[in-house]
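# Coordinate inspection notes
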Amino acid sequence: MTIRTISTTPFADQKPGTSGLRKRVTVFMQPNYVENFVQSVFDSLDGFFGKTLVIGGDGRYFNDVAIQKAIKIASANGFGAVLVGQGGLLSTPGASHVIRRHKAFGGLVLSASHNPGGPDGDFGIKYNVGNGGPAPERITDTIYARSKEIERYLYADVPDVELAKIGTHHSGAMVVEVIDPVADYAELMETLFDFEKIRVMFAAGFRMRFDAMHAITGPYATRILEETLGAPKGTVINGVPSPDFGGGHPDPNLVYAKDLYDLMMSAEAPDFGAASDGDGDRNLIIGRGRFVTPSDSLAILAANAPLAPGYATGIAGIARSMPTSAAADRVAEKLGIEMHETPTGWKFFGNLLDAGRVTICGEESAGTGSNHVREKDGLWAVLLWLNILAARQQSVDQIVREHWATYGRNYYTRHDYDEVDSVAANALVDDVRRRLPELTGEEFAGSRIAYADDFTYHDPIDGSTSTKQGIRIGFTDGSRIVLRLSGTGTVGATLRLYLERYEPPHGRHDLDTQSALQPLIDIAETIAGIRTRTGRVAPSVIT
Ligand code: VG1
Ligand code: CO
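Residues numbered from 1 in each chain as written. Chains lettered and ligands numbered in written order. Predicted model: local features only at pLDDT ≥ 70, side-chain atom pairs only at ≥ 80, totals over all residues. Heavy atoms only, no water.

## What to know about the sheet that holds strand β16 (residues 338–342)
Ordered by their spatial adjacency, four strands build an open sheet running β16-β15-β17-β18, and the pairing between neighbours is mixed. The outermost strands of the open sheet, each flanked by one partner alone, are β16 and β18 (367–370). Each strand axis lies, on average, 15° off the axis of its neighbour in the sheet, ignoring direction. Inspection of the sheet shows strand β15 (residues 317–321) paired to β16 by five bridges, in the parallel sense. Within the sheet, the bridge partner assigned to I318 lies in β16 and is M339. (Pairing = 2+ DSSP bridges. Helix = DSSP H or I, 4+ residues; strand = E, 2+ residues; numbered from the N terminus. Axes fitted to C-alpha atoms, helices over the stretch in contact; angles between N-to-C directions.)

Here it is as structure tokens:
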């Protein structure tokens, strides 16, 4: 085998965001773009010689090309083996589990997650470390620094590896093991949940629809829900991954999974509806006539987790990202367990999970997961819901209402302003940031601001500090406005505005969310002037 050292020049824009490097496919297709980034990743790591690397992606357009490049660069850099999902496929939580189970050195996840795919869509590459989770900031910062200086990459001059068939292949001196992408994961799920109870529930006529959105969870959901748990054929829809996600946008929210939402609100609704995103780490949960916000879902899953065998002895603690509602905090308080507030992005949960300080984590962006892997896990959340439904023998709606009656309800919404002019968006945020010190104590429409700051996170495990993680404006009655810029968008800037208001156990739990939050929405506009400064009359997406 010949290992070639190929000279290259740096790209200035290879800074990993909230979850890896994401760009338009056309950007990734530039000569040396993938090569530079993958080599920068390897140059930032120590001690992988002879070790195993996991590689898999969500099957989006360009996955097949990028994966062959990654394999050749891994071979040239001295990895001993690569584990790759058949057809180059692995869901993000699936990849996390494969890394852990096979004690790999790390993994490359090729995905832009919930971003659209196809030739005009997005692509992404993320590096995960040996615990199965996204590389912490310390490593992503090193990768970025390296990418700005890179002068050469190593490339094995060997043929492409045949990824269609399970089995052992070689890429130069490196072994390439093509594995069933679903098997390890399905086995893990069976250890966590009461499959027998769920089987009985399906056999008794429980009806469900799972929308895989033409993305990676199709094969996983079909194998587990239909083939193992006995859900009727056709329970999983859009179950074959396609490079452009069937022309859709694989984000399981109320805009892009509207068909599912409409079905669940109709007279024909089955008992349970769920969906996942491009790379399988997000979840959408809708009961008949009842949408469950991700923040509520986190709280409900945490409160009911002991109903599943994998969590029968209770949970150690809960962590949520800062913009996620405080619904889970009330559960932690009642259980007398630790509660942590971290910046947005799953990489911040890794240390807490590794240290055993928390068992369940979640984000308002439809991400929930536990210590079983080090990524959020869409199908895991769906299966935990099914386990809870089977154990409690109640509807989703009843479970949600009982939860509110016990803990109170956190009315919650997120308003996204997509593809806003970057200069205007940054100026807006900088401006609010500058005014934060004056805001504390101010009164707006009868509500007094108790604190106003830019969230700084001190990691209690490794002592690292992450600053500028989002603007928080909290009111004396517990309401909250959060404002931050997205770190996953690829065009312009995406402004996210998060609003939250608490209603106690005996309060009103049946208000329309947007009306319940209207006073706060108005205050946010007064303080930040999003609509006036961006020229937008309304958010692009409301969840
Ligand atoms: C968004 C979400 C965040 C999530 C991230 C990755 O980030 O807000 O909670 O962890 O996407 O999710 P941002 O920076 O755009 O707000 V995924 O499913 O795209 O890997
Ligand atoms: Co995702």
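On we go from here.
## Brief notes about the pattern of salt bridges
A complete count under the given rule lists 40 salt bridges for this structure. Across the pair D180 and R223 runs a salt bridge whose closest N-O atoms are separated by 3.2 Å. In this pair, D180 sits in the loop between β9 (174–179) and α6 (183–192) while R223 sits in helix α8 (residues 217–228), placing the two residues 43 residues apart along the sequence. Since its relative accessible area comes to 22%, D180 is described here as partly exposed. Two residues, E341 and R472, come together in a salt bridge whose shortest N-O distance is 3.1 Å. (Salt bridge = Lys/Arg side-chain N within 4 Å of Asp/Glu carboxyl O. Buried < 20%, exposed > 50% of the residue type's maximum accessible area, 1.4 Å probe, protein only.)

## Concerning the coordination of the cobalt ion (ligand 2)
The protein atoms that coordinate the cobalt ion (ligand 2) are S113 (OG), D277 (OD), D279 (OD) and D281 (OD), at distances of 1.9 to 2.1 Å. The sequence pattern formed by the donor residues of the cobalt ion (ligand 2) is S-x163-D-x1-D-x1-D. The pair D279 / D281 is uniform in exposure class, with both members buried. (Donors = N, O, S within 2.8 Å, 3.2 Å for Na, K, Ca; no water.)

## A word on the packing of helix α4 (residues 92–101) against α6
Relative to each other, α4 and α6 sit at 85°, their axes nearing to 9 Å. For the element pair α4 / α6, the angle class is roughly perpendicular. Together, P93, G94, H97, V98 and R101 of α4 and D184, Y185, E187 and L188 of α6 make up the contact between the two elements. Residue composition of the contact of α4 with α6, grouped by class: four nonpolar, two polar and three charged. (Parallel < 35°, antiparallel > 145°, perpendicular 65-115°, else oblique. Contact = heavy atoms within 4.5 Å. Nonpolar A, V, L, I, M, F, W, Y, C, P; charged D, E, K, R; others polar.)

## Regarding the site of ligand 1
Around ligand 1 sit 20 residues in total, of which T18, S113, H114, G487 and T488 are the nearest. At 2.7 Å, a side-chain N or O of R282 approaches an oxygen atom of ligand 1. A distance of 2.6 Å is found between an oxygen atom of ligand 1 and a side-chain nitrogen or oxygen belonging to S486. For the shell around ligand 1, the residue count by class is no nonpolar, 10 polar and 10 charged. (Near = heavy atom within 4 Å. Polar contact = N/O pair within 3.5 Å; in protein donor to acceptor, adjacent residues only side chain to side chain.)

## Re helix α2 (residues 33–43)
By the criterion of burial, α2 is predominantly enclosed, with 10 of the 11 residues buried. Turning to α2, its buried residues number three or more, namely Y33, V34, E35, N36, F37, V38, Q39, S40, V41 and F42.

## A few points about the pairing of β9
Consecutive residues of a regular strand have side chains that alternate between opposite faces of the sheet. Sheet analysis places strand β4 (residues 81–89) next to β9, joined by five bridges and oriented parallel. Bridging from a neighbouring strand, G85 pairs with I179 of β9.

## What about the nonpolar core?
Nonpolar side chains tend to gather and get buried jointly when the protein is soluble and globular. Counting residues in hydrophobic clusters, the biggest one holds 69 residues, and the most contacted among them are F193, F272, W380, W385 and L386. If you tally residues by element for this core, the top one is helix α13 (residues 378–392), at 11 residues. Setting aside its immediate chain neighbours within four residues, F193 contacts I198, A308, P309, Y311, W380, L383, L384 and N387. Core analysis: the second largest hydrophobic core is formed by 42 residues, F11, V25, Y127 and L163 among them. (Core = buried A, V, L, I, M, F, W, Y, C linked by side-chain atoms within 4.5 Å.)

## Here's the deal with the sheet that holds strand β21 (residues 447–454)
One key point about sheets: their strands pair by backbone hydrogen bonds, in either a parallel or an antiparallel sense. Spatially, seven strands are ordered β20-β21-β24-β25-β26-β19-β27 in an open sheet, and the strand pairing comes out antiparallel. Only two strands of the sheet have a single partner each, and these edge strands are β20 (443–444) and β27 (541–542). Alignment of strand β19 (residues 409–420) against β27, held across two bridges, turns out to be antiparallel. Looking at β27, one finds that H415 is bridged to I542.

## Remarks on the environment of A215
Note on placement: A215 falls in the loop between β10 (208–211) and α8. By relative accessible area, A215 is classed as buried at 0%. Residues A215 and R101, 114 residues apart in the sequence, show an inter-C-alpha distance of 24 Å. Not counting chain neighbours up to four residues away, the residues in contact with A215 comprise N238, P241, F245, D277 and G278.

## Here we look at the side chain of N115
Here N115 is to be found in the loop between β5 (106–110) and β6 (122–128). What makes N115 buried here is its relative accessible area of 5%. Within the structure, N115 has its side chain in polar contact with the backbone oxygen of T488 (distance 3.2 Å). Apart from residues no more than four positions distant in its own chain, N115 is found in contact with R22, R60, D122, F245, P250, T488 and T490.

## Thoughts on the environment of E363
Secondary-structure assignment places E363 in strand β17 (residues 360–363). Take E363: its relative accessible area is 3%, and that puts it in the buried class. Separated by 153 residues in sequence, E363 and F210 have C-alpha atoms that sit 21 Å apart. Leave out the neighbours within four places in its chain, and E363 touches P294, S321, T324, T344, G345, W346, F349 and K376.

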